[in-house]
Amino acid sequence: MKSRVVITGLGALTPLGNSMEQTWRKLLNGASGIGRITRFDASAFTSRLAGEVKKFDALRYLTAKDALRIDPFIQYALAAALMAVEDAELIITPDSELRTGVLVGSGRGGVITSEKNMTALLTKGPRAVSPFYTPMSLVNMASGFISMKLGAKGPCLDVSTACATGTHALGEAMKIIQRGDADVMIAGGAEASLTPLVLAGFCQAKALSVRNDEPDKASRPFDRDRDGFVLAEGAGVLVLEALGHAEKRGAKIYAELAGYGLSSDAYHYTKPDPTGNGPARAMSLALSDADMRPEEIYYINAHGTSTVSNDRVETLAIKKTFGEQAYKLAVSSSKSMLGHMLGAAGAVEAAITALALREGIIPPTINYETSDPECDLDFVPGRARKKNIQAALSNSLGFGGINAALVLKKYEPSIV
């Protein structure tokens, strides 16, 4: 019998706040974290809006020397990890360090550092490149740096699966605990890729919203008039524990992480398979892993990017997975308020789903104003909804046709 895995700590940096508490409160109020880009002059770009992390002070979490030596995505990851560990009241000791692991991924890694050093190379030559360029930009250094700072000597690795990164990180961390390789995993995703190069690439791919005059209304998942996603940044890190370990130390428990499914469309490098079979398979596998039936799910935190094809395909996939039950589900997209945090999105959305279960409140989808005949589910438009939900699902769909889903359950104490 596989061990039960629970969530005992939450940490986040998002466009809505520099903590999970701030983010959650603003989500429930239907606030938007989207605004005009302030990091650089975006006037030449077709999309000039983003979800920026605001007023982040790296020196709250790092020494000045460390802050200079690591990319912002690692800074975000460490901050979220420290918040999650503090929230979990987790103390890593010599007795527990070998059984405590880290799995924090990123879709783009240290792209800010890469752009700066490439500019230095091209304008000043090779001697201008930082000796810390490689370690400060590698994707795995988020996990590595967190491990060093916390003294966690158990499994330490990362995943990088584009927009599904955070969800894969949590799912794989759950499996590490279930197979007995760790008692605790600090897991999630981080992203700091609001750069001219990344923005230009997405603009050229025509993936982003160009509703530049109304930034707070630009991200509108499932709405008929959606025109693309909004690029965002941040981090989400969760503390996962074997249930027995959490109960033994008297930890507060947000929810149980009960199931994990993953699949590939094997179809196209950016477009989702129009049949929806890939994400439907991921959801079905997650339900099977949790030993649950579709009718036991009450809520889905959708991937819901606000692109025309993604929202249509995800809606179809939900219908294929749940049948008529799909029309009884509450389905909302946090990206309507947060934008798309790429590799951090799935982890932040799993944390939101855990809070929805614990607090009995479903966050809304804002900017859903005009129905799309192909997106015809209950998208919780406009306002949060009080509902005592027992189980929920969180979806992620990544470039390359990579799909992942998590099943979360309201925590029920183990029966002895």
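For the structure itself, look to the data block above.
Residues numbered from 1 in each chain as written. Predicted model: local features only at pLDDT ≥ 70, side-chain atom pairs only at ≥ 80, totals over all residues. Heavy atoms only, no water.

Draft legend 1. Molecular detail of the nonpolar core. By size, the foremost hydrophobic cluster in this structure holds 51 residues, and its most contacted members are Ile-7, Leu-10, Leu-103, Leu-170, Leu-238 and Leu-240. The contact partners of Leu-103, leaving out residues within four places of it in the chain, are Ser-143, Leu-157, Asp-158, Val-159, Ala-169, Glu-172, Ala-173, Ile-176, Met-185, Ile-186, Ala-187 and Gly-188. (Core = buried A, V, L, I, M, F, W, Y, C linked by side-chain atoms within 4.5 Å. Buried < 20%, exposed > 50% of the residue type's maximum accessible area, 1.4 Å probe, protein only. Contact = heavy atoms within 4.5 Å.)

Draft legend 2. The arrangement of the sheet that holds strand S13 (residues 391-398) in detail. One open sheet accounts for ten strands, arranged S5-S4-S6-S7-S1-S8-S14-S13-S9-S10; its pairing is mixed. Looking at which strands have only one partner, the edges of the open sheet turn out to be strand S5 (156-157) and strand S10 (330-332). Pairing of strand S8 (residues 255-264) with strand S14 (residues 402-409) involves eight bridges; the strand directions are antiparallel. Note on S14: the bridge partner recorded for Ser-263 is Asn-403. Each of strand S4 (100-105), S5 and strand S6 (184-191) is contacted by helix H6 (residues 141-150), which is oriented at about 150° to S4, the strand it contacts most. On top of the sheet, helix H10 (residues 277-289) reaches S8, S13 and S14; it is set at about 145° to S8, its chief contact. (Pairing = 2+ DSSP bridges. Helix = DSSP H or I, 4+ residues; strand = E, 2+ residues; numbered from the N terminus. Axes fitted to C-alpha atoms, helices over the stretch in contact; angles between N-to-C directions.)

Draft legend 3. View of helix H1 (residues 20-28). Within the sequence span of H1, burial applies to Met-20, Thr-23, Trp-24 and Leu-27. Along the axis of H1, the buried positions cluster into a sector of 95°, meaning they face one direction only. Of the surrounding secondary structure, the elements contacted by the buried residues of H1 are strand S1 (5-13), helix H12 (335-338), helix H13 (345-359) and strand S11 (361-362). Taken from the residues just after H1, Gly-30 is the one with a positive phi, measuring 70°. (Arc of directions from axis to C-beta.)

Draft legend 4. Seen up close, the side chain of Ser-47. Looking at the element boundaries, Ser-47 is found in the loop between strand S2 (35-36) and strand S3 (49-50). Of the residues examined, Ser-47 reaches a relative accessible area of 2% and is grouped as buried. In terms of polar contacts, Ser-47 uses its side chain to reach the backbone carbonyl oxygen of Ser-209, at 2.8 Å. The residues touching Ser-47, leaving out its near neighbours within four places in the chain, are Ile-37, Leu-199, Cys-203, Leu-208, Ser-209, Val-210 and Asn-212. (Polar contact = N/O pair within 3.5 Å; in protein donor to acceptor, adjacent residues only side chain to side chain.)

Draft legend 5. Seen up close, the pattern of salt bridges. Counted according to the given criterion, the structure contains 23 salt bridges. Close ionic contact of Arg-211 with Glu-214 constitutes a salt bridge, the shortest N to O distance being 3.6 Å. On the basis of relative accessibility, which here comes to 33%, the residue Glu-214 falls in the partly exposed class. Linked through salt bridges whose partners overlap, the residues forming this network are Lys-2, Lys-175 and Asp-289. (Salt bridge = Lys/Arg side-chain N within 4 Å of Asp/Glu carboxyl O.)

Draft legend 6. Structural detail: the pairing of S8. S8 sits mainly inside the fold: eight of its ten residues count as buried. Relative to S8, S1 is paired through three bridges, and the arrangement is antiparallel. If you follow Ile-7 over to S8, its bridge partner there is Ala-255.

Draft legend 7. Spatial organisation of the pairing of strand S7 (residues 234-242). With nine of nine residues buried, S7 is to be regarded as a mostly interior element. Here S7 shows a buried face lined by Gly-234, Gly-236, Leu-238, Leu-240 and Ala-242 and a second buried face lined by Ala-235, Val-237, Val-239 and Glu-241. Two strands pair when backbone bridges link them, and S1 and S7 are joined in this way by eight bridges, in the antiparallel orientation. Counterpart to Val-5 in the pairing with S7 is Ala-242. For S6 and S7, the ladder comprises eight bridges, and the chain directions are antiparallel. Pairing of Ile-186 across the sheet is with Val-239, part of S7.

Draft legend 8. Fine view of the state of the cysteines. In this structure the tally under the stated criterion is zero disulfides. With no disulfide of its own, Cys-163 lies 15 Å from the sulfur of Cys-203, the closest cysteine sulfur. On the basis of relative accessible area, Cys-163 is assigned to the buried category, the value being 9%. A relative accessible area of 9% places Cys-203 in the buried class. (Disulfide = S-S within 2.5 Å.)

Draft legend 9. Fine view of unusual backbone geometry. A positive phi is found at Lys-206, a non-glycine position, where the angle reads about 55°. Positionally, Lys-206 belongs in the loop between helix H8 (196-204) and S7. Overall, the relative accessible area of 72% leaves Lys-206 in the exposed class. Residue Asp-291 is not a glycine yet carries a positive backbone phi of 55°. Within the secondary structure, Asp-291 sits in the loop between H10 and strand S9 (299-301). Assessed through its relative accessible area of 70%, Asp-291 is described here as exposed.

Draft legend 10. Representation of the packing of H1 against H13. Between H1 and H13, the shortest axis-to-axis distance is 11 Å and the interhelical angle comes to 70°. One finds that H1 runs roughly perpendicular with respect to H13. With respect to the hand of their crossing, H1 and H13 are arranged in right-handed fashion. Here Met-20, Trp-24 and Leu-27 of H1 come into contact with H13, specifically with Ala-351, Ile-352, Leu-355, Ala-356 and Glu-359. When its residues are assigned to classes, the contact of H1 with H13 shows seven nonpolar, no polar and one charged. (Parallel < 35°, antiparallel > 145°, perpendicular 65-115°, else oblique. Left-handed = near helix turned anticlockwise from the far one by under 90°. Nonpolar A, V, L, I, M, F, W, Y, C, P; charged D, E, K, R; others polar.)

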